[in-house]
Amino acid sequence: MIDLSLDLCGVHLKNPVIAASGTFGFGREYDQLYDISLLGGISVKGLTLKKRLGNPPHRVAETPSGMLNSVGLQNPGVDAFIEEDLPWLLQKDVAVIANMAGSTEEDYCRMAEKLSASGVHMLEMNISCPNVKEGGVAFGVRPESVYAITKAVRACAKKPLMVKLSPNVADIRENALAAQEGGADCISLINTLTGIAVDPRTRRMVLYNNVGGLSGPAVRPVALRMVWQAAQAVRIPVVGMGGIVTGEDAASFMLVGAQAVMVGTANFMDAYACPRIVRELEAYCAQQQVARAQELVGTVRVNG
Amino acid sequence: MEQTIAKVLRCEDIAQDIFLLELSAPGIARSAAPGQFVHVAVPGAGANILRRPISLMGFDAGTGTLSMAIQVKGEGTKRLRALHPGDTVDVLGPIGRGFELRGARRAFFIGGGVGVAPVRGALDAFSGACACEAFFGYRGKAFAYGLDGLSCPVHVATDDGTLGESGIITAPLLRALDAGAPDMMFACGPAPMLRAVQRIALERNIPCQLSLEERMGCGLGACLVCNCKVRAADGFDYRRVCVDGPVFDAGEVLFDD
Ligand SMILES: Cc1cc2nc3c(=O)[nH]c(=O)nc-3n(C[C@H](O)[C@H](O)[C@H](O)COP(=O)(O)OP(=O)(O)OC[C@H]3O[C@@H](n4cnc5c(N)ncnc54)[C@H](O)[C@@H]3O)c2cc1C
Ligand SMILES: Cc1cc2nc3c(=O)[nH]c(=O)nc-3n(C[C@H](O)[C@H](O)[C@H](O)COP(=O)(O)O)c2cc1C
Ligand code: FES
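First, a word on what this report is: a plain description of the structure on this page. (Residues numbered from 1 in each chain as written. Chains lettered and ligands numbered in written order. Predicted model: local features only at pLDDT ≥ 70, side-chain atom pairs only at ≥ 80, totals over all residues. Heavy atoms only, no water.)

1. Some thoughts on the packing of helix 6 (residues 172-182) of chain A against helix 7 (residues 220-233) of chain A
To characterise two packed helices, one gives the angle between the axes of the helices and the distance between these axes. Residues and elements named next belong to chain A. Across the interface, helix 6 lies against helix 7 with an axial gap of 8 Å and an inter-helix angle of 45°. Comparing their axes, helix 7 and helix 6 come out oblique. The interaxial crossing formed by helix 6 with helix 7 has right-handed handedness. Contacts between helix 6 and helix 7 involve Ile-172, Arg-173, Ala-176 and Leu-177 from the former and Met-226, Gln-229, Ala-230 and Ala-233 from the latter. Of the residues belonging to the contact of helix 6 with helix 7, the class tally is six nonpolar, one polar and one charged. (Axes fitted to C-alpha atoms, helices over the stretch in contact; angles between N-to-C directions. Helix = DSSP H or I, 4+ residues; strand = E, 2+ residues; numbered from the N terminus. Parallel < 35°, antiparallel > 145°, perpendicular 65-115°, else oblique. Left-handed = near helix turned anticlockwise from the far one by under 90°. Contact = heavy atoms within 4.5 Å. Nonpolar A, V, L, I, M, F, W, Y, C, P; charged D, E, K, R; others polar.)

2. Examining the interface of chain A and chain B
The interface is formed by 34 residues belonging to chain A together with 27 residues belonging to chain B. In total, about 2,600 Å² of surface goes out of reach between chain A and chain B, with carbon and sulfur atoms giving 59% of it. When the buried surface of chain A facing chain B is broken down by residue, Val60(A), Glu62(A) and Phe268(A) rank first, second and third, together holding 24% of it. Joining chain A to chain B, the criterion identifies three salt bridges. The salt bridge partner of Arg52(B) is Glu62(A), with a shortest N-O separation of 2.7 Å. Our count for the contact surface shared by chain A and chain B stands at 15 residue pairs in polar contact (both at pLDDT 80 or more). (Buried area = accessible area lost by both parts, 1.4 Å probe. Salt bridge = Lys/Arg side-chain N within 4 Å of Asp/Glu carboxyl O. Polar contact = N/O pair within 3.5 Å; in protein donor to acceptor, adjacent residues only side chain to side chain.)

3. So, the site of ligand 1
By nearness alone, 21 residues border ligand 1, and Pro53(B), Gln71(B), Gly74(B), Thr77(B) and Glu213(B) come closest of all. Proximal residues around ligand 1 fall on chains A and B, making this an inter-chain site. Separating a nitrogen atom of ligand 1 from a backbone N or O atom of Ala69(B) is a distance of 2.9 Å. Measuring from an oxygen atom of ligand 1, one finds a side-chain N or O atom of Arg215(B) at 3.1 Å. Alone, ligand 1 offers 820 Å² of accessible surface; in the complex the protein occludes 89% of this. Taken together, the elements giving at least two residues each to the shell around ligand 1 come down to strand 4 (52-55), strand 6 (65-71) and helix 2 (75-81) of chain B. For the shell around ligand 1, the leading source of residues is strand 4 of chain B, giving four residues. Counted by class, the shell around ligand 1 contains nine nonpolar, five polar and seven charged residues. (Near = heavy atom within 4 Å. Areas by Shrake-Rupley, 256 points an atom, 1.4 Å probe, with all protein chains shown as cover.)

So, in structure tokens, the structure goes:
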């Protein structure tokens, strides 16, 4: 028996596989296909203080081994989530991570207060949404502002606080450190890399928003490098993501220092991606003769 | 709803740039309804990571088969065309809210181009329960399909006049409506055609269902990339084409210019 479980900032996860924010809704859709209690956790669709309609179509473009999205944080608002979606999710045996985005410190603090008073297990502060001005990306670029917003929200939050870092920055190590110094309990990365798609036939931008966020296997090498660098820079736990499709991909992120992983775009390729990755990770551990998956964390052999 | 590895039974051209894909997928065929679609993984995986939404033209719970008419557009549909009988393809479905008869006694089925496929599927499914009349538009004779075995009145229009009458399909539609309105219309096709049908339906107060298209991610309602605009009390709201549609009531859809 392989032990896949872990304790992430005081929250028990039965395995290190978490569905990534924005790709899994509030869990109901995928629960039609399999019991989402099979997963370690779910990071819900990014929430804002008030309902948001999001961007007009097109919101998605396929790119080589990846995709661009510009959903623009369409969500029912934090109150509606707590009232209408959370009770169902809390019946499931899965860690619920509330992903939140805002345009002011005040927004983030009010959401953190509301969510701390609810049954969610952890907060994930998204300061990296590339698709809306209000997505917090203004807070996510400079280390000083990462520090300031983390400190402010840490003071209002009564649940473990995970800070989701943007990859669209000068030096990921500095931003990871800034989150730690600001009081983050853990960090997650990467959010999407900004990109655009052009349709040469119509000579138009494919996405209504022009710019979108790149995800999927195309970003995996960049994501791995950033997780590796961030994990070396901080003492707090790191949750890694970006293009994970298989159990071995998940293991690679753990080897470079992630205690847990998130799976996003892979859910679109294979609706059963998350539970499959759990099984594949278990098989990988067995084959590597590792009794506890956490033994993998940070053990990659680095060349001289 | 299931994700399954389906066996290819037939993959052959039925018109210029349009091919018939017939799959064995008993679970999906058993629960499918007219106007629903399946989300098909691009064979050979590779760089095309997103599934392609394709409407069901036919499904048979008895034999467990699905049939689709697919237009070759880009890499994904090209790779689907290259399938051979005996190959396998990964499909997720059936998905979405399809066409609903809602007790209609007489219905018009309006399709344009590749949009003929789901409309023909609905016609075959409903023809036992209502009087049907078909209005199918194509670019030209070479592009026509979906006309075989129809026993109801059929009106055809082509852009170049090589089959049926020359011009757009709304011309024969308007004439037929003048002769007597049905109590339901079903339509799928290019946006300009859907807009015209919507305008006609609203002007004449005829119940009408439109099948829409939008680019998709999950196909399950979770990712919110497939939005379309619908009327709402305070202006507009977004709906998910994948699970709130692809079929919407003509009265709720808002087309942008
Ligand atoms: C509900 C629904 C039902 C459909 N039914 C059919 C059908 O029965 N027969 C048929 O031939 N086509 C149908 N389409 C359109 C079909 O999905 C696209 O033509 C196909 O995805 C194009 O893929 P590609 O790789 O060949 O083209 P590319 O242009 O290379 O595709 C690039 C990306 O854009 C997406 N895309 C491009 N055009 C469309 C489009 N019109 N709608 C949605 N996504 C698009 C692709 O899925 C892919 O992610 C349907 C679309 C929807 C939404
Ligand atoms: C359609 C879509 C919507 C997303 N929405 C959010 C969001 O609301 N909040 C957030 O923090 N990240 C969001 N993300 C980013 C993912 O959570 C993840 O960071 C990124 O996609 C990289 O992982 P992946 O390659 O496994 O998808 C979204 C990604 C996609 C593809
Ligand atoms: S494609 Fe994901 S919600 Fe429609």
